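Observations on the model geometry
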Amino acid sequence: MPTPTTRTRAPRRGSPPAPARRLLRRLLIGVLVLLLVSLLLFLVTQALPGDVARIVLGKDATADQVADLRQRLGLDQPLVAQYWNWLSGMLTGQMGTSLENGEPVADVVGPRIFNSFALGFGSMVLIIPIAVVVGVATAHRRDSALDKAFVAVSSLFTALPAFVVGMLLIALFATSVLDVLPGVSTIPPGDLPWWYPAELVLPITTLTLMGVMYLGRLVRASFIDAMNSEYVQMAVLKGLSGRRVLFRHALPNALAAGLPAAGLVAAVTITGVVVVEYVYSYPGLGTAVVSAVNSHDLPVMQAGILVLATAYYAFNLLADVLAVVGRNR
Amino acid sequence: MTPRPPHPTAGRRRTGTHRTRTHRVRTPRALPATAVAAVLVAAALAGCSPPQRSTGGDGGTLRIAAATDVGESLNPYASNQSPTQQMRSALLYEGLTRLSPEGRLDWGLATEMTPNADLTEWTIRLRPGVRFSDGSDFTSADVVASIGHLRDPAHAAQGLAFIERIDPAAVRAVDRETVRVGLSKPFGPFKEIWANVLLPMTKAGSVPDAPVGTGPFAVTAFTPGRETRLTRNDGYWGDKPKVAAVHITEYQNQQAQANALLSDQVDIASGATPTIAKSLADEDGIELLDSKGDYTLRIGLNTTVAPFGDVRVRQALRLLVDREQVVSNAFGGYARVANDHEAGTPQCAAPDIPQRAPDVERARRLLAEAGQSGLSFSIATDGLLPGMQEMAQVFAENAAKAGVRVDLDVVTVPEFLAKWGQWPAFIDFNPTPYLPTVIGSLLPGRVGNATHWDNPDFVALADQLFLATGQEQCAITNRMHRIENEQGAMITPAFVNVLMPHRDRVRGLVPDVGGRPLSFLTGVTVGG
C-alpha cells in the first residue's frame, strides 16, 4: 500500500496540476469559512434583543397567540435544532418565509440579488477600464500635475465613506446645485433596473468613483514598478519605441499584477453596494437586509447576509486565482 | 465555420520568449474585445423599453413618498399598523362615521344610529346606494361580517379595544340597510368610535387576504415595503377624486423622501422633520402643508416602577420642562405648548386649567419631599418620529437644572415594542382623538397604557363619559383633563404639527386637525 508521501510524489500525469489542487483546497477552506459564517450569523441574529413572535404580532396580541406563533416558528426548540433546520433549509433552497409579510424568502431576496448584481456589475464594467486608463496615464506622467491631482483626489476619496460621496453627488446633480438626475433610485417592483438608466447613473457613479480611486492607484503603482523593471529597461536599451515598450512590455505585466486587486475591488464593491443602495433608496439586497434588521425579520436577514458573505468570499477567491494566473504568466 | 482553437498543450513546445510574446499580444486584444462586448450588451439592455412611468404634471397621478413598512398588508384590521398602512387604509376603506379635517364628526357609511333607552343596543341605518370598489352592493351583511371579524380575539385586530363592549352574539342584520348591535355594557359615544381608521367596513369574506372597501380609491398593485398603486373608484358614492391614480412609493428615511421631492420624482413627501421641512419650504416650486393638530409626543412614566408611582415625582418632572424650548428646539417652532393632558375635541371649549410653567425650585422641593433629590433615570425611545430624541434631549437639559440626571436610551423598534409596558420611562406618541385615547391608553389594563396609570377618579369619569351623549361629554372630558394634568403619568409638553412638503402644482390639500391630511384627497388636483 502506497504511503501518503509516495502519493504526493506520484507522477504529474493523471493528477490535477498544482494550481488546480490549490484551487480545490481553497474551495474546501471556503466552504468551511462559509459554514463558520453561517454559524456566527445565526448566533448573532438570535442574540438580537426582543421576542420575534411578539414583534411579529404586535402589542395587541394575547400571550396565547404569541406562544402559538413561537411554536409554529420553531422558536421553542433548542438552538442547535434551530440552527440545523435553518442551515439544511438554506442548502436545499427552503429558505423559509419572511416573518414580516409571510412571503417566501426566495421571492423577497431573489429580485433584490438581481438588482444589486446589476449595480455591482455596471460599476465593475466601468471601474476596471477607467482605473487602468487613469492608472497608466498618471504613472506614465509621473509627478506631473495630473498625477499629483489624481493622487490627492484618490486619497481624499479613499478616506470618505461611500454614503458621504453618495450624498454629495445627490446634492450636486439632483437637488441643490443642478437638477439633472433623480435624487432617489426607486425601481418599481417587477421592473428591470436598466429600464431606468437615469436612476442608475448616480449609484453607479458613486461606486465607480470609489472603485476607480482605489484600483487606479494600485494600477498606477504596479505600472510604475513595471516601468522600473529590468526587462523594460532592456527593451528601452534595445531601442524599441516608447509606444511598443508601453503597450507590449510594461502594460501586460502591470495588468497581471493589478488583476487580483480588481477581484478585491469587486469584493469591496459588495459592501459599497449596501451603503449606496441605502443612500439612493435602491431596491437591492442591501436595503432588504437593512429593512430586515430594522424589523427583526430573521429569515430575510440571515439569507441576505449569507448571500453577501458568499459573494464576498467568491470575489476574494477570484482575486486569489487571478493572482496565481498573474504569477504564472 | 470557426477555426479550431490551438490545442492547449501547443504552447508548451514553444520557447519561453515566444510564449511570453503570445500572451503579450493576446491580452491587449482581449481588453478591447471585452469592452466592445460590454458596450453591445449595455446597448442591447438599454434598448429594452421600460413601461411608461408617471411623471409630475400628467394631471392624473398623484405621487406620494411614504415611510417604508415591510410588514404592511392591505388588511385594515391587522395588528401593528404603521402610519403608512393607515394612510393607505384611509383611501381604500371607510367607517360608519368619519372625522372632517376640522375634527367634526360626520356620517360615513351610516346615516343614523339610534340607541335604546339604556344605551345597550344601537340600531344603525346604512347609507343606501353604496357600492364596493368591485361593484358589489354594500349591505348590512358586510357590516355584520366586519364587526364579527374585528370582535374575534383570534384576529388580534388593532381596533378591538374600541369595540370591546359589543356583544358579538348580538350583532344582526335587521334588513339590507339596518343593523342592530347589542352591547355587554351601556355605551353612549357609539357614533364617535366608528370614525377610527382601524374600524372600517369591508366586503364580507374579503379579509384578510383580499380586502375590498368602499373608499374613493381601489388597489391595482401592491408590494409590501415598496409601492402601492391606487386607481380612482369611479363608483364612489361621495365626491369623486379628481386625480385618476395615486402612487405611494416607500422610502427608508425622510431624507430620501425629501430628495425624491426635490428631484421631482414624487409630488408629496408625507413625512418630514422640522429641519427638512424648513429647508424644503425655501425651495422654488415646493410648498409646506402645516397641519396644526392635536398630535402629541409625550414622555411616559411607568407608575409601577419606583419612584414614578409617587405623584410628587411625576409633578416635579413636569415642572422642570421648559415647554417653549421644546417647541422651538425639538420641533423647530412647528408645535404649540401643551399642558400635560391630551387634547379635547375641537367642538368643546378648552378646559380652564392654568398653563404649567417651569418652576425649578418647586420641583426641587417636591423631589426632596419624595426623597428623590438625586434622581437619575433613562428614557427609552425608538426615535420613530421626528422630534422624539430632540424632545428627550431638551428635557434632559431642563432636568439637570434641578440635579436630575436623565439619559436617552435609543433602541430599535422591535426592542422597544418587545419591552412595551416594562420601560420605566419612554417616549410615546398619540395621533388619535380623545375618546379612543381614553379607551385605548388611559384606562387601566389596556395594552396601550404602558404607564399602568390607574386613577379611580379618572376611571369613574370615563364610565360617565361612556354613558354620555352630545354636549354633556365636554364637561366630563374637561374634568378628566384636569386629573391628567394634576396626577397623570405622561409629560406632554407640546402638540406637534404634522408637516407635509409638496410640489406647488398639487392643489386642494387641506390641513387636518387629526394630523392625517392625506386621508382627504378627493379635492386634490395635480396641475401641469
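1. Observations concerning the overall build of chain A
Counting its regular elements, chain A contains 13 helices and zero strands. Ordered by position from N to C terminus, the α and β elements of chain A give α-α-α-α-α-α-α-α-α-α-α-α-α. With the principal axes as the frame, chain A shows a C-alpha extent of 85 × 80 × 30 Å. Relative to its full complement of 329 residues, chain A shows a buried share of 39%. Taking the contacts inside chain A whose residues are at least 6 apart along the sequence as the reference set, 72% of them involve residues at least 24 apart.

2. Focus on the overall build of chain B
For chain B, the helix and strand inventory stands at 14 helices and 19 strands. The burial tally for chain B puts 47% of its 528 residues in the buried class. In chain B, the share of contacts with a sequence separation of at least 24, taken over all contacts with a separation of at least 6, comes to 70%.

3. What about unusual backbone geometry?
Residue Val 207 of chain B is joined to Pro 208 of chain B through a cis peptide bond whose omega torsion reads 5 degrees. By the secondary structure assignment, Pro 208 of chain B is in the loop between α4 (190-193) and β8 (217-223). Cis geometry marks the peptide bond from Ala 306 of chain B to Pro 307 of chain B; its omega dihedral reads 5 degrees. For Pro 307 of chain B, the position within the fold is in the loop between β12 (286-301) and α7 (311-320). Although it is not a glycine, Ser 281 of chain A adopts a positive phi angle of roughly 55 degrees. As for its placement among the helices and strands, Ser 281 of chain A is situated in the loop between α11 (242-280) and α12 (285-295). Owing to 27 C-beta atoms within 10 Å, Ser 281 of chain A belongs among the buried residues under this scheme. The phi angle at Asp 340 of chain B is positive, at roughly 60 degrees, despite the residue not being glycine. Looking at the secondary structure, you find Asp 340 of chain B in the loop between β13 (335-337) and α9 (360-369).

4. A look at helix α2 (residues 83-92) of chain B
Residue and element names in this part refer to chain B. The element α2 is largely enclosed, with a buried count of ten among its ten residues. Along α2, the residues classified as buried are Pro 83, Thr 84, Gln 85, Gln 86, Met 87, Arg 88, Ser 89, Ala 90, Leu 91 and Leu 92. Residues of α2 that are buried make contact with β1 (61-67), β8, β9 (227-232) and β10 (245-251).

5. What about the interface of chain A and chain B?
Contacts between chain A and chain B engage 48 residues on the former and 43 residues on the latter. Elements with a minimum of two residues in the side of chain A that touches chain B: α3 (52-57), α6 (105-140), α8 (162-175), α11 and α12 of chain A. Ranked by residue count, the leading element in the side of chain A that touches chain B is α11 of chain A, at six residues. Class assignment for the residues of the side of chain A that touches chain B results in 24 nonpolar, 14 polar and ten charged.

6. Focus: the pairing of strand β5 (residues 121-126) of chain B
All names here are of chain B. Side chains of β5 alternate between two faces, with Trp 122, Ile 124 and Leu 126 buried and Glu 121, Thr 123 and Arg 125 left unburied. The pairing of strand β4 (residues 110-115) with β5 spans five bridges and is antiparallel. Paired with Glu 112 across the strands is Arg 125, a residue of β5. Once β4 ends, the chain turns through five residues before running back antiparallel as β5, passing Leu 119 with a positive phi of about 60 degrees. In the sheet, β5 pairs with strand β7 (residues 178-183) via five bridges, with the strands oriented antiparallel. Following the sheet pairing, Trp 122 is matched in β7 by Val 181.

7. Overview of the pairing of strand β16 (residues 425-430) of chain B
All names here are of chain B. Most of β16 is tucked away, with five of its six residues classed as buried. Note: β12 against β16, six bridges, orientation antiparallel. Of the residues in β16, the one forming a bridge with Gly 300 is Phe 426.

8. Here we look at the sheet that holds strand β6 (residues 166-175) of chain B
All names here are of chain B. The four strands lie next to each other as β4-β5-β7-β6, forming an open sheet whose pairing is antiparallel. Edge positions in the sheet fall to β4 and β6, since each of these pairs with one other strand and no more. Pairwise comparison of adjacent strand axes, ignoring direction, gives a mean angle of 20 degrees for this sheet. In the packing of helix α3 (residues 140-151) onto the sheet, the strands contacted are β5, β6 and β7, and the crossing angle to β6 comes to about 175 degrees.

9. Observations regarding the packing of α7 of chain B against α9 of chain B
All names here are of chain B. At a minimum axis distance of 8 Å, the contact between α7 and α9 shows a crossing angle of 160 degrees. By the angle between their axes, α7 is roughly antiparallel relative to α9. In this structure, the crossing between α7 and α9 has a hand that is left-handed. Residue-level inspection shows Arg 312, Val 313, Gln 315, Ala 316, Leu 319 and Leu 320 of α7 in contact with α9, the latter providing Val 360, Arg 362, Ala 363, Leu 366, Leu 367 and Glu 369. Residue composition of the contact of α7 with α9, by class: eight nonpolar, one polar and three charged.

10. Here's the deal with the domain arrangement of chain A
All names here are of chain A. Domain assignment breaks chain A into domain 1 (20-92) and domain 2 (107-327). One C-alpha centre belongs to domain 1, the other to domain 2; they are set 32 Å apart. Across the contact, 17 residues belong to domain 1 and 14 residues belong to domain 2. When residues of the side of domain 1 that touches domain 2 are traced back to their parent elements, those giving at least two are α2 (18-47), α3 and α5 (79-91). Per-element accounting of the side of domain 1 that touches domain 2 gives the leading share, eleven residues, to α2. When its residues are assigned to classes, the side of domain 1 that touches domain 2 shows eleven nonpolar, four polar and two charged.

11. Here's the deal with the confidence of the model for chain A
All names here are of chain A. Here chain A shows a mean pLDDT of 82. Residues at 70 or above account for 92%. The lowest-confidence element of chain A is helix α1 (residues 4-8), averaging 41 in pLDDT; the highest-confidence one is α8, averaging 91. For the stretch residues 1-12, pLDDT sits under 50, and the model shows three contacts to residues farther than four places along the chain or on other chains.

12. Structural notes on the environment of Tyr 313 of chain A
Residue and element names in this part refer to chain A. Along the chain, the position of Tyr 313 falls in helix α13 (residues 298-328). When the 17 C-beta atoms within 10 Å are taken as the criterion, Tyr 313 is described as partly exposed. Separated by 179 residues in sequence, Tyr 313 and Val 134 place their C-alpha atoms 28 Å apart. Excluding anything up to four places from it in sequence, Tyr 313 contacts Gly 30, Val 33 and Leu 34.

13. Digging into helix α8 (residues 323-330) of chain B
Residue and element names in this part refer to chain B. Turning to α8, its buried residues are Arg 323, Val 326, Val 327 and Ala 330. Along the axis of α8, the buried positions cluster into a sector of 110 degrees, meaning they face one direction only. Where α8 is buried, its residues contact β13, α10 (388-400) and β17 (490-503). Positioned one or two residues after α8, Gly 332 has a phi angle of 55 degrees, which is positive.

14. A short note on the confidence of the model for chain B
Within chain B, residue pLDDT values average 86, and 89% of them lie at 70 or more. Of all secondary-structure elements in chain B, the lowest mean pLDDT belongs to helix α1 (residues 16-47) of chain B, at 40, while β5 of chain B reaches the highest, 97.

About the thresholds
Residues numbered from 1 in each chain as written. Chains lettered and ligands numbered in written order. Predicted model: local features only at pLDDT ≥ 70, side-chain atom pairs only at ≥ 80, totals over all residues. Helix = DSSP H or I, 4+ residues; strand = E, 2+ residues; numbered from the N terminus. Buried ≥ 20, exposed ≤ 12 C-beta atoms within 10 Å, placed from the backbone. Contact = placed C-beta atoms within 7 Å. Nonpolar A, V, L, I, M, F, W, Y, C, P; charged D, E, K, R; others polar. Pairing = 2+ DSSP bridges. Axes fitted to C-alpha atoms, helices over the stretch in contact; angles between N-to-C directions. Parallel < 35°, antiparallel > 145°, perpendicular 65-115°, else oblique. Left-handed = near helix turned anticlockwise from the far one by under 90°. Domains from an automatic or database assignment. pLDDT = per-residue confidence, 0-100. Arc of directions from axis to C-beta.

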